[in-house]
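# Commentary on secondary and tertiary structure
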Number of protein chains: 2
Amino acid sequence: MSVENSLAHLSVEDKIVEGAIPVKSLVFKPKTAKTATPVPVVVVALQSTVTPAPLIAQSTGTKEPRLARDELFQSFFKCESAKAFTVAYLLNAESEFHLLIDKQLETVKDSDVLKLNDTLFITKGEFVKFLSKFESSQKVVDFSQEVSKDAGNAKKSNAATPAAAAATSAAIEDAKLIGITVDKSLDFSGWYQQILTKGEMLDYYDVSGCYILRPPSYSIWESIQRWFDDRIKAMGVQNAYFPLFVSSRVLEKEKDHVEGFAPEVAWVTKAGSSDLEEPVAIRPTSETVMYPYYAKWIRSYRDLPLKLNQWNSVVRWEFKHPQPFLRTREFLWQEGHTAHLTKADAEEEVLQILDHYAGVYEELLAVPVVKGRKTEKEKFAGGVFTTTVEGYIPQTGRGIQGATSHHLGQNFSKMFNVSVENPLGPDHPKVNVFQNSWGLSTRVIGVMTMIHSDNKGLVIPPRVSQYQAVVLPVGITKKTTEEQRAHIHSSAREIESRLKKAGVRAFGDYNDNYTPGWKFAQYELKGIPLRLESGPKDIESNQVTVVRRNDFRKVTVKLDELETRIPELLEELQRDLYLRAKELFDSHRVVVNEWKDFVSNLNKKNVILSPWCGVTECEEDIKESSAKRDDGEEFEQDEKAPSMGAKSLCIPFEQPELKPGQKCVKCSHPAVQYCMFGRSY
Amino acid sequence: MSVENSLAHLSVEDKIVEGAIPVKSLVFKPKTAKTATPVPVVVVALQSTVTPAPLIAQSTGTKEPRLARDELFQSFFKCESAKAFTVAYLLNAESEFHLLIDKQLETVKDSDVLKLNDTLFITKGEFVKFLSKFESSQKVVDFSQEVSKDAGNAKKSNAATPAAAAATSAAIEDAKLIGITVDKSLDFSGWYQQILTKGEMLDYYDVSGCYILRPPSYSIWESIQRWFDDRIKAMGVQNAYFPLFVSSRVLEKEKDHVEGFAPEVAWVTKAGSSDLEEPVAIRPTSETVMYPYYAKWIRSYRDLPLKLNQWNSVVRWEFKHPQPFLRTREFLWQEGHTAHLTKADAEEEVLQILDHYAGVYEELLAVPVVKGRKTEKEKFAGGVFTTTVEGYIPQTGRGIQGATSHHLGQNFSKMFNVSVENPLGPDHPKVNVFQNSWGLSTRVIGVMTMIHSDNKGLVIPPRVSQYQAVVLPVGITKKTTEEQRAHIHSSAREIESRLKKAGVRAFGDYNDNYTPGWKFAQYELKGIPLRLESGPKDIESNQVTVVRRNDFRKVTVKLDELETRIPELLEELQRDLYLRAKELFDSHRVVVNEWKDFVSNLNKKNVILSPWCGVTECEEDIKESSAKRDDGEEFEQDEKAPSMGAKSLCIPFEQPELKPGQKCVKCSHPAVQYCMFGRSY
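As annotated in an unreviewed UniProt entry, chain A carries the name proline--tRNA ligase and comes from Zygosaccharomyces rouxii. Under the UniProt heading Catalytic activity (unreviewed entry), the entry covering chain A gives this text: "tRNA(Pro) + L-proline + ATP = L-prolyl-tRNA(Pro) + AMP + diphosphate". Annotation of chain A in UniProt includes, under Sequence similarities (unreviewed entry), the sentence "Belongs to the class-II aminoacyl-tRNA synthetase family."

### Structural notes on the packing of helix H15 (residues 482–501) of chain A against helix H18 (residues 562–587) of chain A
Helices that pack against each other are described as a pair by the angle of their axes relative to one another and the distance between those axes. Residues and elements named next belong to chain A. Taken N-terminus to C-terminus, the directions of H15 and H18 make an angle of 70°; their axes are 10 Å apart at the nearest point. The orientation of H15 relative to H18 falls into the category roughly perpendicular. Residues Ile495, Arg498 and Leu499 of H15 form the contact with H18, whose participating residues are Leu562, Glu563 and Ile566. Within the contact of H15 with H18, the residues separate by chemical class into four nonpolar, no polar and two charged.

### Structural notes on the pattern of salt bridges
One pass over the full model with this rule turns up 74 salt bridges over all chains. The shortest N-O distance in the salt bridge between Lys343(A) and Glu347(A) comes to 2.8 Å. With Lys343(A) and Glu347(A) both in helix H12 (residues 343–364) and four residues apart, the pair spans about one turn of that helix. Among the residues examined, Lys343(A) registers a relative accessible area of 43% and is labelled partly exposed. Of the residues examined, Glu347(A) reaches a relative accessible area of 26% and is grouped as partly exposed. Glu496(B) is the partner of Lys500(B) in a salt bridge, and the nearest nitrogen-oxygen pair spans 2.8 Å. Here the residue Lys500(B) and the residue Glu496(B) both occupy positions in helix H15 (residues 482–501), the gap between them amounting to four residues, near one helical turn. Since its relative accessible area comes to 46%, Lys500(B) is described here as partly exposed. Given a relative accessible area of 12%, Glu496(B) falls into the buried group. Salt bridges linked by common partners bring Arg548(A), Asp551(A), Arg553(A), Arg575(A) and Asp576(A) together as one network.

### Focus: the interface of chain B and chain A
Listed by partner, the interface residues are 70 residues for chain B and 69 residues for chain A. Here chain B and chain A share an interface that buries about 5,700 Å² over both sides, 54% of which is from carbon and sulfur atoms. Three residues, Tyr205(B), Tyr241(B) and Phe245(B), lead the burial of chain B against chain A; their summed loss comes to 11% of the area buried on that side. Linking chain B with chain A are eight salt bridges. Of the charged contacts in the structure, one is a salt bridge between Lys233(B) and Glu222(A), with a shortest N-O distance of 3.1 Å. There are 31 residue pairs in polar contact (both at pLDDT 80 or more) connecting chain B and chain A.

### Some words on the UniProt feature "domain: Aminoacyl-transfer RNA synthetases class-II family profile" (unreviewed entry) in chain A
Taking the numbering used here, the UniProt-annotated feature "domain: Aminoacyl-transfer RNA synthetases class-II family profile" (unreviewed entry) corresponds to residues 218–461 of chain A. Within residues 218–461 of chain A, the helical portion is 31% and the strand portion 32%, while the C-alpha atoms at the span's ends are 14 Å from each other.

Parameters and conventions
- Residues numbered from 1 in each chain as written.
- Chains lettered and ligands numbered in written order.
- Predicted model: local features only at pLDDT ≥ 70, side-chain atom pairs only at ≥ 80, totals over all residues.
- Heavy atoms only, no water.
- UniProt positions renumbered as here; feature names shortened; annotations may be inferred.
- Axes fitted to C-alpha atoms, helices over the stretch in contact; angles between N-to-C directions.
- Helix = DSSP H or I, 4+ residues; strand = E, 2+ residues; numbered from the N terminus.
- Parallel < 35°, antiparallel > 145°, perpendicular 65-115°, else oblique.
- Contact = heavy atoms within 4.5 Å.
- Nonpolar A, V, L, I, M, F, W, Y, C, P; charged D, E, K, R; others polar.
- Salt bridge = Lys/Arg side-chain N within 4 Å of Asp/Glu carboxyl O.
- Buried < 20%, exposed > 50% of the residue type's maximum accessible area, 1.4 Å probe, protein only.
- Buried area = accessible area lost by both parts, 1.4 Å probe.
- Polar contact = N/O pair within 3.5 Å; in protein donor to acceptor, adjacent residues only side chain to side chain.

So this is what it looks like as structure tokens:
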């Protein structure tokens, strides 16, 4: 049996197993004398586990392990390349090697399926059995542990990684262990994952596709809730709460709608040890939950408009690769559902809400968006038309749907019989109400994070950041007397207290066990917008040194201007984040009139505005024709993106002028409008 | 076959079917000439459907139908009493009768099981088939429709119900159709249901045990959230969000805990049309969801205390009779979960939180509570001790658990391995953290409603009421000129606007299509704390007439004192609600030292403070020995209560002095403390 087949015959089945747990096999080459036989280190870990080089060094007693190049794979494992490598090749090993196994694998059940590469799927049980062949070389490592202090080579090894090795890995050269070790521009999805987990925004959860929102992200959601809630209440919307469960009978009432959601609906079929007589669904959205009651409550046109909103969670059990905030099986959102007497009244509200959604992105999250209408193909299932705010992620060049506000017309009101007496009198036919629904989810937090954060960690816009400023006493050395130290501390505490009184969300860190440098890195990682350093020189000059998280620009602020300058600096930072993101979106939104320029512009990480005929078949043709071929161009890091064709993102409200006789960018039909296309999330 | 068996042989099974849909069969006798043969009206309806007499009159063309007395059952149906009646007795009918069938029954599936009485269960399909025997007499009625205007006898019939008939029914004599038609003191659970649905707090939902929280109740929840959230944040608690789902592996980790919840856990086993490889549970509470991550996040004692809270919904699929707010399969709550280095620190927090819970009840909801500790039998499964605030419902004389704050000790931290280095140094053993969890749910809204509301509708304490004051223009008659009308309206609008500016949640109703009387009833039903009437005389005297919802007391307020007096009146009303409820609780909390006085005091709708030995077996003995026998005493209306024994509610922190040598109220052992016992929810 060939090495390639040694695992394949253990593989669970030929086809791809959705929901399998991805496992990576990495090979490192430690620093050794040129003449010595190399002893490679093979690391087998959950895809989600970060395996820092210092820990690998510490666990194997080696020095400066670096990701091995293809030559080592060829000479040592008879394997063509790093990319082709799986643990099957361990059978080919030339000589001795280290095998480090991620302790996190112990949390996986033996019957769970692991994904070793795109085609190789194997149960955890079989995998462990296979690895046991190499028991003498193997060691289980908890990669989440801190490196012990005597692992002196740890830091050095990382710092010393030569550029040559970095070219094959996305490791950041001077990254400290607690910091981000993956470069945003080289491995965007690895970076995104680290930024979220190390920044303590979110943690991975043991039910796939579900994530924990930790306080730094949840508090962003709370800010958004307050802002948006105030605005919709001013519009006369009231909050309510409808049940989590829907009966199948009701769920299936609107046909197009249920077709859109059915494949992702989670079903409760058991309670305790008894089977339910009739399974109940968990709401994927609440149209069908709510509208039977709208039919009951709306008796007269005087009951209109009825405007309800709820802040809740919904479940869509997607089988696609989950991604924190962007594609999760449970997510938090608000869903507004309103009923109106007239079409005009309903349509007006659709756009008011869309403006508020744009406000959440632009005013709170400093994320520029383009407002527009979805095409027929992309609109909400069962609705009449969908409006949307669309964002842009520069690193991947992909568009991302921000939030949608739908006009449902009378489709649902006819299905659910939501009608009122005609205001013209009882001789006139009853009127079915005109409905809207609109939703904004925690996805916004993911978009915000992807756009602003950097290789030092999170960057969070001040208006939504849980904390806006950290105050640190600095300049304390061995020579500092106790009295001086106390003075430095007390003046920092005074600053903290004045800021809080001025309404700035500030805190101080007065722990002397950590150096200022360690603290700087820590709060940069967490994205605190302003760092205020107060040392002996600052105190002498009656000032404080302020460092902006986004660009590390230093400013000194006179203490008697503290209460005015700090809020100003926060607003300046907020604005600068927005302007920078806007500049990137604007410069990557290009007008393309000829198909020949379409794909090349797409490949330059642009979204594209093109004249378009408005025909669904043409839209599908554009998508297929723009799928990226493996033409030797560098692949994007995100595993979903590379070969994706361009979807229609929206028909922007703000339209370039259409020239007379302008044809569709793809087909020969006349263009009716410009449409924004792009690869997308 | 006897009449009694005619349905029994169709019955689905001998034993009781949990979750069956209760159906009522009522018989009404319309007003007829003494000499005429009576034509009774039989109404078959879902238990939850209200069947107003005017609608019955309208649907049958009869006058003033009243609930029939036992004599009619005996003479007409050969059935002993109203209580024994089921539709089976229709087979015995002396002569012609009307049969009205609730349209809502159409929403029930043929395979669903109906509960006709405590022992008779039948599928909807069989039931309909049986009723079809009486097709010629039968009519389907939508009892939720409004009575048409030409049903002139409707209002009269209700108003004219003589006291004699009212004695057998709980109908309120002068109830208007839109108002409450059930007397709080005669049919508490019927009243409770009406008050909630007609007051628009809540609606029933088509998944049993789930309810819709409409804006008036959800806004109360929002007030509670703001108040409590501010206080816990001041204690250093941060909000977060953990997933809805738990894997069975994690759920089952703490044994006592899972035993407590397992029978009520809802399981998701399918997504779309595929079976999940491993079913996932919906959280019944989040200890096991959260603590594996506490183990991961808490690395050092410097990470302590960790204090997280979440506002979410949990699911406990109870098979007991559901009751809005009090026992529901999904409910909203907050759950706080904290980890501490020391027992003392944890225990201190348990009590701080309990004080905040008491604050929610007493300061916001005007509901007095008794703080105390739960007995070993009643404490939280898996915890060390549970503290609680206990309320009291005067009409039923039952205690009700308000909210609980648990100290978990190290039970969970040992199971989930949540530990830190010993602060004394690495030579000392690791320390498992000390944990608390605490929760307060939407149950509070039910308790508040039961206590304050009355036969006119809801009474909502001003501090939590969605609206605090309604402004109504009054005194407009046919003689009023258009100019005068405009002046009355504009002065009312002026009052509304001034109140809003002063921070009072006020609104006005300027609709001339409804009379002031209709509006009075409407806003009394909805429990708006203050009604401000502004008529010509008020305007002349530069004043407004204010009516308090709780006691209908009238006060005049000079317009130049509007902004100070209205907030004062709201606070006075708030305080008066509290004092009245406290007086009732205090006067029904009696000290009983001798067992001979125990049950008689319980039957007087008291809760009881008794010296107690603290032994679980004795507690169980007390419960059994105090179960109410069917001794001819009037049953309470609530179907769960009548035969219930007294449970321990709590061991109050505030203790009567224990006399030396005092024995337990039940057994011969020495008493160790006073314990509060009562029938309970």
